[in-house]
Amino acid sequence: MLAKFGAPSRTPRGLGFQLRSCKGSVISHRDYSKKIGTSTTEGTSAQQPTQPHSSSPKNNILDMATNPRDFWKGKFFDLSPRQQQALVELVSAQNKLFEPYATNEELQVPILQLKAAAEHAVADVNAPIRVCVSGAAGAIGYALLFRIASGSLFGPHTPVILHLLEIPASVPKVKGVEMELRDAAFPVLRDIVITDSPEKAFEGIDYALLVGAQPRTAGMERGDLLLKNAEIFSTQGKALNKVAKGKDTRVIVVGNPANTNALIAQRNAPKIPPQNFSAMTRLDHNRGIAQLSQKTKTSVTDIEKFVIWGNHSATQVPDISYATIKGEPARIVINDDPWVEKTFIPCVQKRGAEILAARGASSTASAASALVDATIDWHFGTYGKWTSAAVFSNGEYGVEKGLFFSYPVTFSQKKYNIIGDLPISDEVRKKIEITHKELIQERDAVSKLLPN
Ligand code: NAD
Ligand code: LMR
């Protein structure tokens, strides 16, 4: 990893030096002095480094080496367990190694160099992830991009390259968003690609977050968007097929009607396994657990095994049959069946319309947040916890093969697993049949865009 840093440029004054990080920024001696708590001469710039007048180099260096949290400037808690372990081992090994030489001023530079290389080795081990966001100039795009670029999605030690796809008329607007993203100086934001060409946008991407589409306006159902938005997903499916990384690309469709748009994109991208596509019902899932937590005065993290079945539409089936709250059956904890049937279920089903009526615009930040959650599920897995996602049906629970249907799923190693063999009550079964029929109708309405 040392090779990633340029050699220190020594000044005639001896120990003054600069290091160049792999990102190209100059790391001045002054920065290092700040890290180890020594003072530098007032007014010293990175271009004119001077020797620190550390009265006790031994203490400073060893303090840094014995306290990984300070070494990491408070970011220690951000590391994965594997990285924490690596850092602790590294610091204690360095400590042992450097102790006999800590008073030798000539060794200050190489010791700091080694520490910088070590920091880099532990902090920046992951390859950059390329994420394409379509509709990047739109409302969800605006809320989403800053979450991704800040590291909230892949963590603070995984660089991201954003591919921003828009229609030609909105490219200037995306350029404004790009300026803001760059101005935020996010450490993990490696680069930004802006384009109105799906083929350029999808080249080499790991994730396609397909948000770009018209939203509904007051009085519309999501299905009313079907013919307006379908063509977008046919074009994008073809482009994904041509230039994305095949089995290594994951696609999450958000643009409505999301299930059928996912179906269109998937059918137009035969080189990508159908199991790499999903349509987002994570927002409905989050809405459900948020309502349950409010009702029972528990934390959202206490609620498990809640399910959204079917379409991301008003026919979706929010189901608490298997849900637990702090490990107890949810129905018993709630102890209010009329609330479940008359308040809870309709609230989750119609939440999008309620927000649209209240804001005059469809949900934005909560949708972006759910998309971050849904992508985290794909990327990191759910560690056995159930979530909901609309995924390719292989006939599970009697659903027609090929439809994108929301099921209870877990994710692991970038794959989902549909929870099978759940007992389904007659009442829930009837509701599932209604949402299933709606998806069949949507599919049939766009049959022209579905190659065999
Ligand atoms: P918006 O109108 O603010 O933004 C949509 C953006 O998509 C616009 O900038 C537009 O120029 C762009 N766009 C249109 N066609 C495009 C194309 N062919 N390629 C690339 N970009 C294109 O809308 P929004 O509020 O960001 O919502 C976007 C979509 O997400 C809507 O369809 C909305 O209904 C849907 N949505 C889904 C969920 C969900 O849970 N699945 C939640 C909220 C919103
Ligand atoms: C939502 O669920 O909020 C979105 O699908 C937007 C909408 O139209 O309801």
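Residues numbered from 1 in each chain as written. Chains lettered and ligands numbered in written order. Predicted model: local features only at pLDDT ≥ 70, side-chain atom pairs only at ≥ 80, totals over all residues.

Novice: What am I meant to see in the overall build of the chain here?
Specialist: Tallying secondary structure elements over the chain gives 15 helices and 16 strands in all. Buried residues in the chain amount to 40% of all 452 residues. Of the contacts made within the chain by residues no fewer than 6 positions apart, 70% connect residues no fewer than 24 positions apart. (Helix = DSSP H or I, 4+ residues; strand = E, 2+ residues; numbered from the N terminus. Buried ≥ 20, exposed ≤ 12 C-beta atoms within 10 Å, placed from the backbone. Contact = placed C-beta atoms within 7 Å.)

Novice: Honestly, the environment of Ala218 in this entry has me stumped. Any pointers?
Specialist: Summarising the element assignment, Ala218 is placed in the loop between strand S6 (207–210) and helix H9 (226–243). Put simply, Ala218 and Ala361 are 143 residues apart on the chain and 8.3 Å apart in space, counted from C-alpha to C-alpha. Those residues in contact with Ala218 that sit more than four places away from it in its chain are Leu356 and Ala357.

Novice: Just to check I follow, could you spell out the site of ligand 2 for this structure?
Specialist: Taken together, the residues surrounding ligand 2 are Pro215, Arg216, Arg222, Asn256, Leu283, Gly352, Ile355, Leu356, Ser362, Ser363 and Ala367. At three residues, the largest contribution of residues to the shell around ligand 2 is made by helix H13 (residues 337–359). Composition of the shell around ligand 2 by domain shows at least three residues from each of domain 2 (129–279) and domain 3 (282–449). (Near = placed C-beta within 6 Å. Domains from an automatic or database assignment.)

Novice: Can you walk me through the site of ligand 1 in this structure?
Specialist: Taken together, 29 residues lie near ligand 1, and Gly135, Gly138, Ile140, Gly212 and Ala367 sit nearest. In terms of residue count, helix H6 (residues 139–149) provides more of the shell around ligand 1 than any other element does, three residues in total. Split into classes, the residues belonging to the shell around ligand 1 amount to 14 nonpolar, 13 polar and two charged. A domain split of the shell around ligand 1 shows at least three residues from each of domain 2 (129–279) and domain 3 (282–449). (Nonpolar A, V, L, I, M, F, W, Y, C, P; charged D, E, K, R; others polar.)

Novice: Got a minute to help me understand helix H7 (residues 171–183) in this structure?
Specialist: One turn of an α-helix holds 3.6 residues; hence residues three or four places apart share an orientation. Spanning 13 residues, H7 covers 18 Å between terminal C-alpha atoms, matching the ideal 18 Å at 1.5 Å per step. Every buried residue of H7 is accounted for by Val174, Val177 and Leu181. Looking straight down H7, one finds that the buried residues subtend no more than 55° of arc, so they occupy a single side. Seen from the open side of H7, the exposed residues pointing more than 90 degrees away from its buried face are Pro172, Gly176, Met179, Glu180 and Asp183. As for H7, its buried residues are in contact with H6, strand S4 (160–165) and strand S5 (189–195). Of the residues flanking the end of H7, it is Ala185, one or two places downstream, whose phi is positive at about 50°. (Expected span 1.5 Å × (residues − 1). Arc of directions from axis to C-beta.)

Novice: Even after reading the chapter, I still don't get the sheet that holds strand S15 (residues 404–412), so can you show me in this structure?
Specialist: Remark on secondary structure: sheet strands pair via backbone hydrogen bonds, oriented parallel or antiparallel. In space, the nine strands of this open sheet follow the order S5-S4-S3-S6-S7-S8-S14-S15-S16, with mixed pairing throughout. Two strands in the sheet have a free side with no partner beyond their single neighbour: S5 and strand S16 (415–418). Each strand axis lies, on average, 35° off the axis of its neighbour in the sheet, ignoring direction. Alignment of S6 against strand S7 (residues 250–253), held across four bridges, turns out to be parallel. What sits directly across from Leu210, in S7, is Val253. Lying on the sheet, helix H10 (residues 258–267) is in contact with S6, S7, strand S8 (277–279), strand S14 (387–392) and S15; it crosses S8 at an angle near 160°. (Pairing = 2+ DSSP bridges. Axes fitted to C-alpha atoms, helices over the stretch in contact; angles between N-to-C directions.)

Novice: For this particular structure, what's the right way to read the nonpolar core?
Specialist: Counting 87 residues, the largest nonpolar core has Leu209 and Val254 as the members making the most contacts within it. Here the element with the most residues in this core is helix H14 (residues 365–380); it accounts for six residues. If sequence neighbours within four positions are ignored, Val254 has contacts with Ile140, Leu209, Leu210, Val211, Met280, Ala367 and Leu371. (Core = buried A, V, L, I, M, F, W, Y, C linked by C-beta atoms within 7 Å.)

Novice: Looking at this structure, I do not really get the environment of Lys115. What am I missing?
Specialist: Mapped onto the elements, Lys115 comes out in helix H5 (residues 108–123). The spacing of Lys115 and Gln94 is 21 residues in sequence and 8.5 Å in space, taken between C-alpha atoms.

Novice: Looking at this structure, how should I read the packing of helix H11 (residues 282–296) against H13?
Specialist: In a pair of packed helices, the angle between the axes and the distance between the axes together describe the arrangement. It is the contact of H11 with H13, at a shortest axis distance of 9 Å, that shows an interaxial angle of 145°. Viewed along their axes, H11 and H13 form a crossing whose handedness is right-handed. Across the interface between the two elements, Asp284, Arg287, Gly288, Gln291 and Lys295 from H11 touch Trp339, Phe344, Cys347, Val348 and Arg351 from H13. Considering only residue class, the contact of H11 with H13 consists of four nonpolar, two polar and four charged. (Left-handed = near helix turned anticlockwise from the far one by under 90°.)

Novice: What is the right way to look at the environment of Gly138 in this model?
Specialist: Looking at the element boundaries, Gly138 is found in the loop between strand S3 (129–134) and H6. With 23 C-beta atoms counted inside 10 Å, the residue Gly138 sits in the buried group. As a C-alpha pair, Gly138 and Ser170 span 32 residues in sequence and 8.8 Å in three-dimensional space. Once you skip the residues sitting within four places of it in the chain, Gly138 turns out to touch Val211 and Gly212.

Novice: Explanation requested: the sheet that holds strand S9 (residues 303–304) in the structure shown.
Specialist: Strand order in the open sheet formed by three strands is S9-S12-S13, and the pairing between neighbours is antiparallel. Each of the sheet's edge strands pairs with one partner strand only, and the pair in question is S9 and strand S13 (328–329). One ladder, built from two bridges, connects S9 with strand S12 (residues 324–325); its direction is antiparallel. Paired with Ile303 across the strands is Ile325, a residue of S12.

Novice: Would you mind showing me how to read the confidence of the model for the chain here?
Specialist: Segments scoring low in pLDDT should not have their predicted coordinates read at a detailed level. Chain-level pLDDT for the chain is 83 on average; 80% of the residues reach the 70-or-more range. Here residues 1–77 scores under 50 on pLDDT; set against residues more than four positions off or in separate chains, the count is 109 contacts. (pLDDT = per-residue confidence, 0-100.)

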